[in-house]
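Spelled out, the chains give:
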Amino acid sequence: MQRPTVAEIDLSALRYNYHQVRKLSDSSRKFLAIVKANAYGHGAVRISQELEKCGVDFLGVAMCEEAAELRKAGINSSILVMGGIFHNQEDDFIKYDLIPVIFDMESARSLNARAAQNGIRLKVHVKLDTGMGRIGILPGDVEAFFSSMKDCHQLQVDGLLTHLAIADAIDDTATSFTCGQIDAFTSLVKKITEMGFSPSCLHLANSAAIIRTLDPSFNLVRPGIMLYGISPSPALHVDLKPVLSLKTKIIALKKITKGCSISYRRTFISGRESMIATLPIGYADGYSRQFSNRAAVVIHGRRAPVAGVVCMDMTMVDVTDIPAVNLHDEVVLLGSQGSQSISAHELAEIAHSIPYEILCGISSRVPRQYLNGS
Ligand SMILES: Cc1ncc(COP(=O)(O)O)c(C=O)c1O
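Residues numbered from 1 in each chain as written. Predicted model: local features only at pLDDT ≥ 70, side-chain atom pairs only at ≥ 80, totals over all residues. Heavy atoms only, no water.

Caption draft 1: Here's a closer look at the overall build of the protein chain. Across its full length, the protein chain carries 11 helices and 20 strands. Reported as C-alpha extents along the three principal axes, the dimensions of the protein chain are approximately 80 × 45 × 40 Å. When burial is assessed residue by residue, the protein chain has 53% of its 374 residues classed as buried. Sequence-distant contacts, at least 24 apart, represent 67% of the contacts inside the protein chain between residues at least 6 apart. Carbon and sulfur atoms make up 51% of the accessible area of the protein chain, which amounts to about 16,300 Å² in all. (Helix = DSSP H or I, 4+ residues; strand = E, 2+ residues; numbered from the N terminus. Buried < 20%, exposed > 50% of the residue type's maximum accessible area, 1.4 Å probe, protein only. Contact = heavy atoms within 4.5 Å. Areas by Shrake-Rupley, 256 points an atom, 1.4 Å probe, with all protein chains shown as cover.)

Pasting the structure below:
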């Protein structure tokens, strides 16, 4: 029998969120679904298959290896590799028909040379750095870069993109920074167009920008977290359905007397006679050690606090206040049961992190179970 810890992925919720993005961002715009990092922990292949059926135009991954996994699984959509192209990966980009994001002349030249040897012309998107400070051509270098790109005859600049650093923050200072990035991108696009380039895709909208309808004028959107049913910030309210639920079952249940300790380091000492349930999930599954004595799970539609430190493979919870708890009862660590739910935002706050990290952190040893596929 299999360990009962699973990540349930509700594909009907994914479809719902896809349509919410379409509603929020004029449906004539191209749709690039971000499926990097194993689709934020949801399983890149199955998620991409479902998104293809929904009618997505592009898929976005971070690395060539992620794109290769999708191609080997039969995914046919256009794939943008956003983290760039590394030395010796040129052949894989050609073999798997991938679109690289380019942000330096050296990789542009070597890709151009490889494309020339193969007698083909490749589409590329060029990243512009308008304030993220990560990758991208800085505004002051745009002219020189695109002048050199004119010599790369085998490369077709089919897209221009930038990435917003703080679009999820709604205060005035952050918003003016975001608007500044959008303005900078707008003028760089104009400049590059005037230099003779005619990219068919212009994009900067992540989930926060889509929810806030910050950039109605560019013709491609690039949502990630909202597809998985989570708002990028608790301050941004939007109707979405969480796709992933993390569930397990009780594997041991014991009554302990007042004064007993639970788990390593003895950080939990029972203040009364207590019922303690042991769950087969731990930090090696992505259930962070930060949740020790701080997070809760849901059993019988009621919350039970984590008791003691989270171990590598197991976690204990205090079920004293929940009547009639039994071995093998279902436990929800992330998701809903009855009227109670544990959100990725709640867990992220406890872990001093963000929902993205909570989702991506669910490790490969947790089987993904897909429900409601189309
Ligand atoms: C370049 C790029 N575009 C789009 C996204 C999607 O962002 P979000 O998940 O906030 O929608 C990401 C995510 O990190 C990204 O790196």
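After that view, the rundown keeps rolling.
Caption draft 2: Fine view of the sheet that holds strand 8 (residues 201–205). Strand order around the closed barrel formed by eight strands is 2-3-4-5-6-7-8-9, with parallel pairing between neighbours. Summarising the sheet, strand 3 (residues 58–61) and strand 4 (residues 78–81) pair through four bridges and their orientation is parallel. In the strand pairing of strand 4, Val61 is matched with Val81. (Pairing = 2+ DSSP bridges.)

Caption draft 3: Fine view of helix 1 (residues 11–24). With 14 residues, helix 1 extends 20 Å between its outermost C-alpha atoms, agreeing within 8% with the 20 Å of an ideal straight helix rising 1.5 Å per residue. In this structure, the buried side of helix 1 is in contact with strand 1 (6–10), strand 2 (30–34), helix 3 (44–54), helix 9 (207–211), strand 9 (220–221) and strand 20 (368–371). (Expected span 1.5 Å × (residues − 1).)

Caption draft 4: View of the site of the ligand. Near the ligand, the surroundings consist of 13 residues, among which Tyr40, Ser207, Gly224, Ile225 and Tyr356 are the closest. The contact in question runs from an oxygen atom of the ligand to an N or O atom on the side chain of Tyr40, over 2.6 Å. Between an oxygen atom of the ligand and a side-chain N or O atom of Tyr356, the distance comes to 2.6 Å. Among the residues forming the shell around the ligand, the class breakdown is six nonpolar, four polar and three charged. (Near = heavy atom within 4 Å. Polar contact = N/O pair within 3.5 Å; in protein donor to acceptor, adjacent residues only side chain to side chain. Nonpolar A, V, L, I, M, F, W, Y, C, P; charged D, E, K, R; others polar.)

Caption draft 5: Layout of the pairing of strand 7 (residues 155–161). Burial runs high along strand 7: six of the seven residues are buried. As for the winding sense of the linkage, the β-α-β connection from strand 6 (residues 122–127) through helix 7 (residues 142–149) to strand 7 is right-handed. Of the strand pairs in this sheet, strand 7 and strand 8 are connected by three bridges, and their pairing is parallel. Bridge pairing in strand 8 links Leu160 to Leu202. (Right-handed = clockwise from strand over helix to strand, strands pointing away.)

Caption draft 6: Seen up close, the packing of aromatic side chains. Inspection of every chain in the model, using the stated rule, returns seven aromatic pairs. Plain terms: the ring middles of Phe146 and Phe197 are 5.2 Å apart, the flat faces sit at 75° to each other, and that makes the pair edge-to-face. In this pair, Phe146 sits in helix 7 while Phe197 sits in the loop between helix 8 (172–194) and strand 8, placing the two residues 51 residues apart along the sequence. According to the relative accessible area criterion, Phe197 is buried, its value standing at 11%. Here the guanidinium or amino end of Arg46 rests over the ring plane of Tyr370, the centre of that ring lying 5.9 Å away. (Phe/Tyr/Trp six-rings, centres within 6.5 Å; stacked < 30°, edge-to-face > 60°. Lys NZ or Arg CZ within 6 Å of the ring centre and 35° of its normal.)

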